[in-house]
Amino acid sequence: MGVPVAPSQSLVAQFDTLWTRFDEIYPSFAYKGVDWRAQRATYRPRAQRARSQDELIGVLVEMLTPLRDLHVWLVDPRGQAVPTFRPAGLANFDRTRWESAMRDASYLAHSRDFGEGMVGGYAYLYIGAWKDPVSQESLDLALARMRDAPGLIIDVRSNPGGTDQTALAFAGRFTTRAFTASYVEIRTDSLVKDVEMPLARTISPRGGWQFTRPVVVLSGRGGFSATESFVAAMRTLPQVTVLGDTTGGASGNPATFALGNGWRFTVPRWLEFGPDRRPIEGRGVAPHLAMSWDPTHYDGARDPLIDAAVGLLGERNGVYRIAPAPSREAPVETPTDRGLRR
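Let me sum up the structure you'll find in this document. Positions within a chain are numbered from 1, following the residues in the order the chain's sequence is written. Two thresholds apply to this predicted model, a pLDDT of at least 70 for residue-level local features and 80 or more for giving and counting side-chain atom pairs, whereas whole-chain, interface and lining totals are computed over all residues. Each side-chain value is worked out from all heavy atoms of the structure, with water and hydrogens disregarded.

Structural notes on the sheet that holds strand β1 (residues 73-75)
Paired strands, in this sense, are two strands between which DSSP finds at least two bridges. Secondary structure follows DSSP: runs of H or I at least 4 residues long count as helices, runs of E at least 2 residues long count as strands, and numbering of each begins at the N terminus. As summarised here, the arrangement of the 4 strands in space is β2-β1-β12-β11, forming an open sheet in which the pairing is antiparallel. Whereas interior strands pair on both sides, the edge strands pair on one side only; in this sheet they are β2 (81-83) and β11 (254-260). Strand-to-strand twist across the sheet, computed as the mean angle between neighbouring axes with direction ignored, equals 25°. Axis definition: a line fitted to C-alpha atoms, over the contacting stretch in the case of helices. Angles run 0 to 180 degrees between N-to-C directions.

Overview of the pattern of salt bridges
Counted as salt bridges are all cases of a side-chain nitrogen of Lys or Arg within 4 Å of a carboxyl oxygen of Asp or Glu. Scanning all chains against the criterion turns up 20 salt bridges. Two residues, Arg 46 and Glu 62, come together in a salt bridge whose shortest N-O distance is 3.0 Å. Pair noted here: Arg 46 is in helix α3 (residues 36-49) and Glu 62 is in helix α4 (residues 53-64), with a separation of 16 residues, a long-range link. Between Arg 221 and Asp 245 there is a salt bridge, with the nearest N and O atoms lying 3.7 Å from each other. One end of the pair, Arg 221, is in the loop between β9 (215-219) and α8 (226-234); the other, Asp 245, is in the loop between β10 (240-244) and β11, with 24 residues separating them in the sequence. Categorising residues by exposure relies on relative accessible area from a 1.4 Å probe, with only protein chains included: less than 20% of the type maximum marks a residue as buried, more than 50% marks it as exposed, and the intermediate range marks it as partly exposed. With relative accessibility at 31%, the residue Arg 221 sits in the partly exposed group.

What to know about α4
In this model α4 runs 16 Å from its N-terminal to its C-terminal C-alpha over 12 residues, within 8% of the 16 Å that 1.5 Å per residue would give. For α4, the set of buried residues is Gln 53, Leu 56, Ile 57, Val 59, Leu 60, Val 61, Met 63 and Leu 64. What a helix should span is 1.5 Å times the count of its residues minus one.

Looking at the side chain of Arg 201
Summarising the element assignment, Arg 201 is placed in strand β8 (residues 199-203). Arg 201 gets classed as buried once you look at its relative accessible area, which sits at 15%. Two N or O atoms form a polar contact when they lie within 3.5 Å of each other; inside protein one atom must be a possible hydrogen donor and the other a possible acceptor, and for residues adjacent in sequence the pair counts only when both atoms belong to side chains. At a separation of 2.9 Å, a polar atom in the side chain of Arg 201 contacts the side chain of Glu 272. Any pair of residues with heavy atoms lying within 4.5 Å of one another is described as a contacting pair. Those residues in contact with Arg 201 that sit more than four places away from it in its chain are Asp 164, Leu 168, Phe 179, Thr 180, Ala 181, Ser 182, Val 184, Ser 229, Trp 270 and Glu 272.

Thoughts on the nonpolar core
Note on soluble globular proteins: their nonpolar side chains tend to be buried together. For our purposes a nonpolar core is just a set of buried Ala, Val, Leu, Ile, Met, Phe, Trp, Tyr and Cys residues, chained together by side-chain atoms within 4.5 Å. Residues Ile 154 and Phe 230 are the most contacted members of the largest nonpolar core, which totals 37 residues. Of all the elements in the fold, those that place two or more residues in this core are β5 (122-127), α6 (136-145), β6 (152-155), α7 (164-171), β7 (179-186), β9, α8 and β10. Among the elements that line this core, the one with the most residues is α8, at 6 residues. Apart from residues lying up to four places away in sequence, Phe 230 is in contact with Trp 130, Ile 154, Val 156, Ala 167, Leu 168, Phe 170, Ala 171 and Val 217. Core analysis: the next-biggest nonpolar cluster, separate from the first, contains 29 residues, Phe 22, Val 59, Leu 67 and Phe 265 among them.

Right under this line is the structure:
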């Protein structure tokens, strides 16, 4: 009969499992300015002194927090996520206000996170996540219903991510030429040769036709991961204007690994760069037009960003001309372009 393993030894083994996996895979230590070996020297003695699983989890969270990585979390045996970082960015999406605005948009909800409508004579598509029921097929069907619209608003400002293949495939419906959507840098063994880093991710035209009329993409701090890949790709297209706020800045493509005692943890596997080769992690993707979010000075039944998008599409289609505001503080005549600035 074997000798039972002391709890402290089991907990230290979990610590070593997590630390080693990050050491092998995580691509952003230098970018984040974190000395991973120094973290081990500091926190392993505390793991040795831990007397319970909860104490160990507390040690691990403290060790991982300096990475400031939204894709780094632990998962308890019940499936509940334990985050190691919570971004402090302000969101520019109020669901109550949005739902009120959608009552005038003939909005058809396919699910809580996916629906379509018409606002100001332009097609509107809300994508709250890149996962079921949102798929290439469902997006293609929605776009087909909008084919004759003079313009399109794609709202992803509250989309935390999902399957980036779906997001980038959808972007392929808006381009008539292949282009580089982003670059990803992955940790490789030093013996691996002839692998260019970062690796380019290319989008090609997809489907029997492309939507080339004016498009406004609504973005914000609530958009992460696959949404940031989508916004970075779309903002390079000539008919697209990104309006709102910078995205959240988290695009690590995490994998999940077993920790022990029913716990799991995630490790991001790449560092993503936009088409301009600027890192997305920790920086986000900036809009073409930044719009301050101050709905308290706006009709409670309206969504300021959606109304601003309608105004932009009107300008792009030559319906009328929006006069640029001379400064952020100066008042403007119409609520449509309130807060817009280049």
